[in-house]
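# Structural overview for review
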Amino acid sequence: MIKRSLAIFVSVLFTTFLAAQDKPLFAGMKISKSTKIKKAVYRLDAPADAQAAAIIIQGNNIIIDFKNAELKGSSLAKSPDQFAGTGIIIQNAKSVTIRNLKISGYKVALLAKNIEKLQLENCDFSYNYRPRLNSTAEKEDVSDWMSYHHNEEDEWLRYGAAIYLRNCNNTVIKHCKVTGGQNALMMTSCNYAQIFNNDFSFNSGIGIGLYRSSNNRIWNNRLNFNVRGYSHGIYSRGQDSAGILVYEQSNENIFYKNSATHCGDGFFLWAGQTTMDTGKGGCNDNVIVENDFSYAPTNGIEVTFSRNRIKGNRLFGCDHGIWGGYSYDTRIDDNRFRDNRIAIAIEHGQRISIIRNLFARDKESIRLWARELQPDDWGYAKYRDTRSVGHNIALNSFNQNRTAINVSRTDSLTIWNNSYSDVGDTLKFDQYLTVLDTLGSHLPESSLILPVATGYDPFKGNAQITGRKQIRVTEWGPYDFRSPIIWHRNTKDTTGLMEFDLLGPKGKWIVKNARGVKNISAKQGVFPATITAQRTDSLRTDVLIELEYRGEAATTTFGEPIKANTPHRFYFKKFFQPLDWEVLFFSMDTAFHNPLREPGLFSPLAKMAPVK
């Protein structure tokens, strides 16, 4: 009897020991219960099937601790634009927690569908898919523009994502990181989420995107440098990149104390195609409070065809601080504007309250206007009031602005108790302004229930990187200051004198090789530095400047580590292809031969001589 009891005890003990062991990952693995993963680097390519993944998770009330295991995909890919497949799919489950996961090398790192109470903690989803950009420092390429206007059928997936959620309610995402990708967190039909204390910075598309997602709380996140489509002093487009994207009937969300500086748009809200077609709905009653949306190439905040609250934000050095086309019943109060081309620009708005804002050194502080006609193909204009009318501008401080308030094709304004210091024009208006009230009235206050501060400071370090000049978009997205770079800063010069910024972590640099240039102003030094070099006699000669870095530990643009004091080569390359053109002009009679409907530029029966 004693021997039998001992055998049972040993068997139970052995079974318990096996259960406690950390599990290794393998391709096609399915996880349906709480598990601890053995820490290792797992190279698992994803299946080509879009419905499959390297790892599948499906189950209720489970916690999976990856213990900083690294999951890497696309082993044959040579660059991030070749990354394919999905790393992890979580589907049709309830109460799933993922902790301490690192995953890279996939088109979509983590895809979750139909999950109630998903929680992601302390995960790193960096260095997944991103395209090679065609725009250069010299010239924009329109092929880099993105479009997020439709996602009913998961069209957003064509852009990839570090985290993609659909039909996931009551999600919690905290202490996660995404860098070196295109889109960080994308949410469709997701409600009541809490997204906080994350760092989704230095991506070439979107930091956080919402589509048909409401009642979410997004606070204390660092979302800086989610940008493309910018070359300082050359073009300023953004190409629909943004720190925060809010689209298509996303309502009653709170965005509080997020840092989204140096993004294409800091905050980009659009009511959606449903509203454009029917005039109904919008992205309404969102609260945008105490965020930093400075240094946007386009708009610090864009809110259109909707009703929202914008309070206490910082908007410095943008093209527009706030663009509010077709906004209505929106309150803009207690914000700080500085050095914007136009601080607040609203066309076709109704009943906008602009209260207690501080304006400094903006070329124009407030511009309100309407166009004479509306586009014929907009359903919105057929069903909604599109006048510019009924605005209230009170208790603002205008300082060193060329124009404080500029209104055209706008009527029924209340302007009272504003202060002006060193302002050019305080008010410019036209014949359409027939009612101007300068007495004003009491302003009702409304309380806001905001998330509780967590101790994480998303604004830390922002003062060290100010101004749009800090945006340097390479072929792989925004430069992230984590590796050495030589940046050509005077691309418009025609004299042949090239100027370069040398940036990187603390360390030394030395020029190892050069071709196509002469008279380099310095051959070695420390970061940061500026050098010049003269092009050789022929402006058609290719240029190469090869340098070596030694210094602190660093990380390349592809996420590869550079050990401290290890030599690392970095380059500036410029390829010139001389082309000689001969342009011939021909006279064409399209009634005889129309090349839009018939093959060939000219009729095969015609013998054409150029007219010039």
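Whatever comes next refers back to the structure up there.
All of the points below concern the structure found in this document. Since this is a predicted model, take the numbers as computed values, not measurements.

## Description of the packing of aromatic side chains
Describing an aromatic ring pair means giving the distance of the ring centres and the angle of the ring planes. Following the criterion strictly, the structure yields 25 aromatic pairs and no others. Here the aromatic rings of Phe196 and Trp219 are separated by 4.5 Å at their centres, their planes lie at 15°, and the arrangement is stacked. Taken together, the residues Phe196 in strand β12 (residues 194-196) and Trp219 in strand β15 (residues 217-219) connect sequence positions 23 residues apart. When the ring of Tyr479 is compared with that of Phe481, the centres are 4.9 Å apart and the planes differ by 55°; the resulting orientation is tilted. Of the residues examined, Phe481 reaches a relative accessible area of 24% and is grouped as partly exposed. One aromatic cluster is present, formed by Tyr148, Trp156, Tyr159 and Tyr211 through successive ring pairs. Across from the ring centre of Tyr328, 4.7 Å away, lies the NZ or CZ of Arg384, which sits over that ring. Above the plane of the ring of Tyr571 lies Lys573, whose end atom (NZ or CZ) is 5.1 Å from the centre.

## Some words on the layout of surface pockets
Estimated volume of the largest pocket: approximately 1100 Å³. In terms of lining residues, the largest pocket is bounded by 31 residues, among which Thr474, Glu475, Ile485, Trp487 and Tyr571 are the most central. For the lining of the largest pocket, the secondary structure elements donating two or more residues are β39 (473-474), β40 (477-478), β41 (485-488) and β50 (568-574). With 6 residues, β50 is the single largest residue contributor to the lining of the largest pocket. One number sums up the size of the second largest pocket: a volume of about 720 Å³. What lines the second largest pocket is a set of 30 residues, and nearest its centre among them are Lys72, Ser104, Tyr127, Phe558 and Gly559. Looking at the lining of the second largest pocket residue by residue, the class counts come to 8 nonpolar, 12 polar and 10 charged.

## A closer look at the side chain of Asn203
Checked against the element boundaries, Asn203 lands in the loop between β13 (199-200) and β14 (206-211). Here Asn203 falls in the buried class, since its relative accessible area comes to 0%. With near-sequence residues (within four places) excluded, Asn203 lies in contact with Val178, Thr179, Gly180, Gly181, Gln182, Ala184, Phe225, Asn226, Val227 and Pro478.

## Some remarks on the sheet that holds strand β44 (residues 517-518)
Strand order in the open sheet formed by 4 strands is β41-β42-β46-β44, and the pairing between neighbours is antiparallel. Looking at which strands have only one partner, the edges of the open sheet turn out to be β41 and β44. Sheet topology places strand β42 (residues 497-503) next to strand β46 (residues 529-535); 6 bridges connect them, and they run antiparallel. Residue pairing for β46: Asp501 is matched across the bridge by Thr530.

## Digging into the pattern of salt bridges
Inspection of the entire model under this criterion finds 33 salt bridges. Residue Asp333 is joined to Lys311 by a salt bridge in which the shortest nitrogen-to-oxygen separation is 3.4 Å. Highlighted residues: Asp333 in strand β26 (residues 331-333) and Lys311 in strand β23 (residues 308-311), separated in sequence by 22 residues. What makes Asp333 buried here is its relative accessible area of 0%. Three or more residues are tied together by salt bridges with common partners; here these are Arg309, Lys311, Arg331, Asp333, Asp334, Arg356 and Glu445.

## What to know about the sheet that holds strand β47 (residues 543-551)
Read from one edge to the other, the open sheet built from 4 strands follows the order β45-β43-β47-β50, with strand pairing classed as antiparallel. Strand pairing shows two members of the sheet lacking a second neighbour, β45 (524-526) and β50, which therefore form its edges. Each adjacent strand pair in this sheet contributes to an overall mean axis angle of 25°, direction not counted. By the bridge criterion, 8 bridges tie strand β43 (residues 507-515) to β47 in an arrangement that is antiparallel. Paired with Lys508 across the bridge in β47 is Arg550.

## Points about the pairing of strand β25 (residues 320-323)
Note: strand β22 (residues 299-304) against β25, 3 bridges, orientation parallel. Bridge pairing in β25 places Ile301 opposite Ile322. Note that β25 and strand β28 (residues 342-347) share 3 bridges and pair parallel. Within β28, the residue paired with His320 across the bridge is Ile342.

## Some points on empty space enclosed by the protein
Taken as a whole and assessed by the stated rule, the structure comprises 3 cavities of 30 Å³ or more. Of the volumes computed, that of the largest cavity is approximately 70 Å³. In the lining of the largest cavity, the residues fall into 6 nonpolar, 6 polar and 1 charged. The space that makes up the second largest cavity amounts to roughly 60 Å³. Tyr127, Arg130, Thr179, Gly180, Phe202, Trp476, Gly477, Pro478, Asp480 and Thr557 are the residues that line the second largest cavity. In terms of residue class, the lining of the second largest cavity is built from 4 nonpolar, 4 polar and 2 charged.

## Quick word on the pairing of strand β31 (residues 364-369)
Across the 6 residues of β31, 5 count as buried, placing the element largely inside the fold. Bridging between β31 and strand β34 (residues 403-408) involves 5 bridges; their strand directions are parallel. Bridging from a neighbouring strand, Trp369 pairs with Ser408 of β34.

## A closer look at the state of the cysteines
Per the stated rule, a full pass over the model turns up 0 disulfides. Not engaged in a disulfide, the cysteine Cys123 finds its nearest cysteine sulfur in Cys176; these two sulfurs lie 4.6 Å apart.

## With respect to the side chain of Ser213
As for its placement among the helices and strands, Ser213 is situated in the loop between β14 and β15. Within the structure, Ser213 has its side chain in polar contact with the backbone nitrogen of Ser189 (distance 3.3 Å). Among all residues touching Ser213, those that are not within four sequence positions of it are Met187, Thr188, Ser189, Cys190, Asn191, Gln249, Ser250, Asn251 and Asn253.

Conventions we followed
Residues numbered from 1 in each chain as written. Predicted model: local features only at pLDDT ≥ 70, side-chain atom pairs only at ≥ 80, totals over all residues. Heavy atoms only, no water. Phe/Tyr/Trp six-rings, centres within 6.5 Å; stacked < 30°, edge-to-face > 60°. Helix = DSSP H or I, 4+ residues; strand = E, 2+ residues; numbered from the N terminus. Buried < 20%, exposed > 50% of the residue type's maximum accessible area, 1.4 Å probe, protein only. Lys NZ or Arg CZ within 6 Å of the ring centre and 35° of its normal. 1 Å grid on protein atoms, 1.4 Å probe; cavity = no way out; pocket = protein on both sides within 12 Å on 5 of 7 lines; lining within 4 Å. Points joined across faces, edges and corners; volume = space filled by probe spheres on them. Nonpolar A, V, L, I, M, F, W, Y, C, P; charged D, E, K, R; others polar. Contact = heavy atoms within 4.5 Å. Pairing = 2+ DSSP bridges. Salt bridge = Lys/Arg side-chain N within 4 Å of Asp/Glu carboxyl O. Axes fitted to C-alpha atoms, helices over the stretch in contact; angles between N-to-C directions. Disulfide = S-S within 2.5 Å. Polar contact = N/O pair within 3.5 Å; in protein donor to acceptor, adjacent residues only side chain to side chain.

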